[in-house]
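# Structural description and commentary
Next come the chains, spelled out residue by residue.
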Amino acid sequence: MVEPTVAKKAVIIGAGIGGLATAAQLVQKGFDVTVLEKNARIGGRLSGFSAEGYTFDAGPTILLMPGVLDEFFLRLGKRRQDYLDFVPVEPVSRIHFGPGDAPLELSADVAKMKSNLAAFSPSDSKNYERYLAKSKTYYDAALSAFLQANVHRVTDFLRPSVISAFAQIGLSGSYWDHVCRYFEDPRIRAAFSFQSIYVGASPRDIPAAYGLIQYVEATQGAWSVPGGLHRIASVMADVAQKGGVNIQTGKKVKQIRLEKNKVIGVDLFDGSFVPADLVVSNADLPYSYAHLLPQKSSPVQQRKLEPSCSAFMMYLGVKRKLPIGPHTFLLPSDFISSLEALFHDKRLPLNPGIYLNCPSKLFPEMAPKNGDALYVLVPVPNLQAASIDWKTQKKGQTQVSLFRQLVLDKINDWLHLDLKESDIAFERIVTPADWQDQYSLEWGSTFGLSPTLQQSAFFRPQNRDPRVKNLYFVGGSTHPGSGIPIVLFSANNVVQRIVDENPSGIPG
Ligand SMILES: Cc1cc2nc3c(=O)[nH]c(=O)nc-3n(C[C@H](O)[C@H](O)[C@H](O)COP(=O)(O)OP(=O)(O)OC[C@H]3O[C@@H](n4cnc5c(N)ncnc54)[C@H](O)[C@@H]3O)c2cc1C
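Heads up: these notes are all about the structure in this document. (Residues numbered from 1 in each chain as written. Predicted model: local features only at pLDDT ≥ 70, side-chain atom pairs only at ≥ 80, totals over all residues. Heavy atoms only, no water.)

Further remarks concern the side chain of D372. In this fold, D372 is placed in strand 17 (residues 372-380). A polar atom in the side chain of D372 sits 2.6 Å from the side chain of S360. In this structure the side chain of D372 is engaged in a polar contact, spanning 2.7 Å, whose partner is the side chain of K361. The residues touching D372, leaving out its near neighbours within four places in the chain, are Y54, L316, G317, V318, R320, K321, L322, C358, S360, K361 and A367. (Helix = DSSP H or I, 4+ residues; strand = E, 2+ residues; numbered from the N terminus. Polar contact = N/O pair within 3.5 Å; in protein donor to acceptor, adjacent residues only side chain to side chain. Contact = heavy atoms within 4.5 Å.)

Below, the structure is given as structure tokens:
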């Protein structure tokens, strides 16, 4: 008699996009999948909320490389178009360099972009296509060598594509060097390198290869989703559940239980134990090692991990229409030195860079009639900055209230919005301490581990613990990195690895 095959039980900690994308694929491969999420809502950083008629994304607002999501649905035998609409945003964004200045519009149309640049610097404009061509080599190399593949075996390191990609990444200097080789105008240098903040780093501190972020934005465009990007996570959770995944919210994992060098399940804060044949932690990797695993059980814990920056957020429900587009950036004239203060001196910038997202410009239903939803993101030092106290009150004011006022003043000064307290119908503020508490991000590092050279490609913590054979990781702080499409690659890669390493997990 043939023994019936019992599906292997996979427990996934966290319902961020990494956890959800892994769950949806693993269940299709025949695993019995449970997702345990500590928060009441799914999506992690890719979640959203509505209040008083205003709808906000909590984190991501710019969808790059939308084809990666199309491919995710195809992997499940589905068409993305049957679930989600993607809307291109053009111009991609408006960049302001000072109060009342004419903005530089970033465009995904190369000819238009060249003419926009010419108004700022004719000589820089001439270099634009050569710059894009070089950035494309980084994109092509990273895509084939690192992003879409596991790189953990010696044979992976020896693949010619990996050797040549690594030579390019390691030998081309920083992302800032890459931009400065083609452009002289400080405003254009800033406009093509601030995208490093999308992954929480200064362009001076990360390899030139990260120029690929700006390259995909400049050539494939920036996209949005009606109702907000968080709908991607909701749809993904629906698809996963319909496929048979058991998603439980309000379930905080206390520890991953090990027996010798093997995971046997997870303990929850509610006192229950969930057994598992394998565990995938989608909780951010530094947090997973610091809080869910015994200290010093892994070589990863002995490494000094470098966190990304954090973000100070204001989500404002504004009672009137604002004269701005969907994506607006305010970049200080001393852009690169202000980043030095933020990343190296860990000081709060006095003249901070600010990103404004106004989703109701694209989708009016995201705000009441005649109102606008305004999302304000300011990169700030993570909680390693001991001198910044976000909680304590001094002389009747907190750091939060002081910084909030500085940010509002700057927005009003630069964009002439005349935004008054009486215009604000709803307000929520999120500080680095909140990122830490709400999403288990160590040091409140909003974008997870920083993508420095030492934490990129095969130096980034990989998606399986080096010692524990049935403990996997998925998400922004593991290989290959942060951002929606890149975390989807992380999910694809970990699923591939799990299937390769657990052939008996597939029944029939
Ligand atoms: C403000 C902001 C703006 C961003 N903008 C963009 C953008 O425009 N475009 C883009 O592509 N990317 C952007 N990103 C990055 C993107 O959001 C992330 O890379 C991605 O969402 C990370 O997904 P994840 O699955 O790795 O982790 P997470 O979304 O952090 O998911 C991890 C989940 O694990 C849960 N969890 C943690 N600990 C436990 C526990 N003990 N028990 C149970 N559950 C637990 C958490 O609650 C969370 O739901 C932005 C991020 C932020 C914060």
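In this section: the packing of helix 2 (residues 67-75) against helix 17 (residues 484-501). Where helix 2 contacts helix 17, the axes come no closer than 9 Å and their chain directions differ by 30°. Looking at the two axes, helix 2 sits roughly parallel to helix 17. Seen along the crossing, helix 2 lies across helix 17 with a hand that is left-handed. The segment helix 2 lies against helix 17, with V68, L69, E71, F72 and R75 engaging P485, L488, F489 and N492. Partitioning the contact of helix 2 with helix 17 into residue classes produces 6 nonpolar, 1 polar and 2 charged. (Axes fitted to C-alpha atoms, helices over the stretch in contact; angles between N-to-C directions. Parallel < 35°, antiparallel > 145°, perpendicular 65-115°, else oblique. Left-handed = near helix turned anticlockwise from the far one by under 90°. Nonpolar A, V, L, I, M, F, W, Y, C, P; charged D, E, K, R; others polar.)

Let us look at the environment of V499. Structurally, V499 can be placed in helix 17. With a relative accessible area of 17%, V499 lands in the buried category. As for V499 and L26, which are separated by 473 residues in sequence, their C-alpha atoms are 8.3 Å apart. (Buried < 20%, exposed > 50% of the residue type's maximum accessible area, 1.4 Å probe, protein only.)

Here we come to the sheet that holds strand 6 (residues 93-96). Spatial ordering of the open sheet is given by 7-6-15-16-17-14-20, a layout of 7 strands whose pairing is mixed. The outermost strands of the open sheet, each flanked by one partner alone, are strand 7 (104-106) and strand 20 (424-430). Ignoring strand direction, the axes of neighbouring strands in this sheet form an average angle of 20°. Two strands pair when backbone bridges link them, and strand 16 (residues 354-357) and strand 17 are joined in this way by 3 bridges, in the antiparallel orientation. (Pairing = 2+ DSSP bridges.)

All right, on to the packing of helix 5 (residues 128-147) against helix 10 (residues 211-220) then. Between helix 5 and helix 10, whose axes approach to 8 Å, the crossing angle comes to 115°. Taken together, the axis directions place helix 5 and helix 10 in an arrangement best described as roughly perpendicular. Handedness of the crossing formed by helix 5 with helix 10: left-handed. Between helix 5, through Y128, Y131, L132, S135, K136, Y138, Y139 and A142, and helix 10, the contact on the second element is made entirely by G211, L212, Q214, Y215, V216, A218, T219 and Q220. Its residues placed into classes, the contact of helix 5 with helix 10 shows 10 nonpolar, 5 polar and 1 charged.

Attention now moves to the sheet that holds strand 10 (residues 253-259). The 3 strands lie next to each other as 10-11-12, forming an open sheet whose pairing is antiparallel. With one partner strand each, in any of the chains shown, strand 10 and strand 12 (273-275) form the two edges of the open sheet. Strand-to-strand twist of the sheet, defined as the mean angle between neighbouring strand axes without regard to direction, takes the value 30°. Strand direction decides the pairing type here: strand 10 and strand 11 (residues 262-268), joined by 6 bridges, are antiparallel. Bridge pairing links V253 to L268 in strand 11.

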